[in-house]
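Analysis of the macromolecular model
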Amino acid sequence: MEKNNVLLVTIVDRGFADSVMEVVRERGATGGTIIHGRGSGTKEMAKFFNIILHEEKEVVLIVSSQENKNNIMDGILRNAGLATDAHGIVFTLPVEDFKILSKFHNVETPVIEKKDE
């Protein structure tokens, strides 16, 4: 089975996720998910890369078509890569399957009846 979608995972310093979302929307993504986090091993990485890294991070998750993956990744790296104030990285993971979970999507929802106590 051919994989047509990928998950782009972008990790940036806190405060830069919105700028990442602007870039990915300009390049065809329709949305994403932002998760707040904290990096570990930051002191060792800062010594290795000789740059200042912030512990507070934001993770941006975006499902994209395989065809648009490189276009989006290039935009992220240009605007939020390691050489910028965002100190971002981006990588992809294969997406085997996904379903849309939305109250606006026409999905039949099973009715659960409340039992009398």
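Treat the numbers as computed from the prediction; the structure is a model and nothing was measured.

Take the overall build of the protein chain next. A count of helices and strands for the protein chain gives three helices and four strands. Traced from its N-terminal end to its C-terminal end, the protein chain shows the element sequence β-α-β-α-β-α-β. Counting across all 117 residues of the protein chain, residues that qualify as buried make up 29%. A separation of at least 24 residues holds for 75% of the contacts in the protein chain among residues at least 6 apart in sequence.

Turning our eyes to something else, we now look at the nonpolar core. Within the largest apolar cluster, 16 residues are counted, with the highest numbers of intra-cluster contacts made by Leu 8, Val 20, Val 24, Val 60, Ile 62, Ile 72 and Ile 76. At the level of elements, β1 (5-13), α1 (17-26), β3 (56-65) and α3 (69-80) are the ones that each hand at least two residues to this core. The residues contacting Ile 62, other than those within four sequence positions of it, are Val 6, Leu 7, Leu 8, Val 24, Ala 29, Gly 31 and Gly 32.

Glancing now at the side chain of Asp 13. By the element assignment, Asp 13 lies in strand β1. Classification of Asp 13 by relative accessible area gives buried; the value is 1%. Side chain to side chain, Asp 13 and His 87 meet in a polar contact 2.7 Å long.

Rules of the game
- Residues numbered from 1 in each chain as written.
- Predicted model: local features only at pLDDT ≥ 70, side-chain atom pairs only at ≥ 80, totals over all residues.
- Heavy atoms only, no water.
- Helix = DSSP H or I, 4+ residues; strand = E, 2+ residues; numbered from the N terminus.
- Buried < 20%, exposed > 50% of the residue type's maximum accessible area, 1.4 Å probe, protein only.
- Contact = heavy atoms within 4.5 Å.
- Core = buried A, V, L, I, M, F, W, Y, C linked by side-chain atoms within 4.5 Å.
- Polar contact = N/O pair within 3.5 Å; in protein donor to acceptor, adjacent residues only side chain to side chain.

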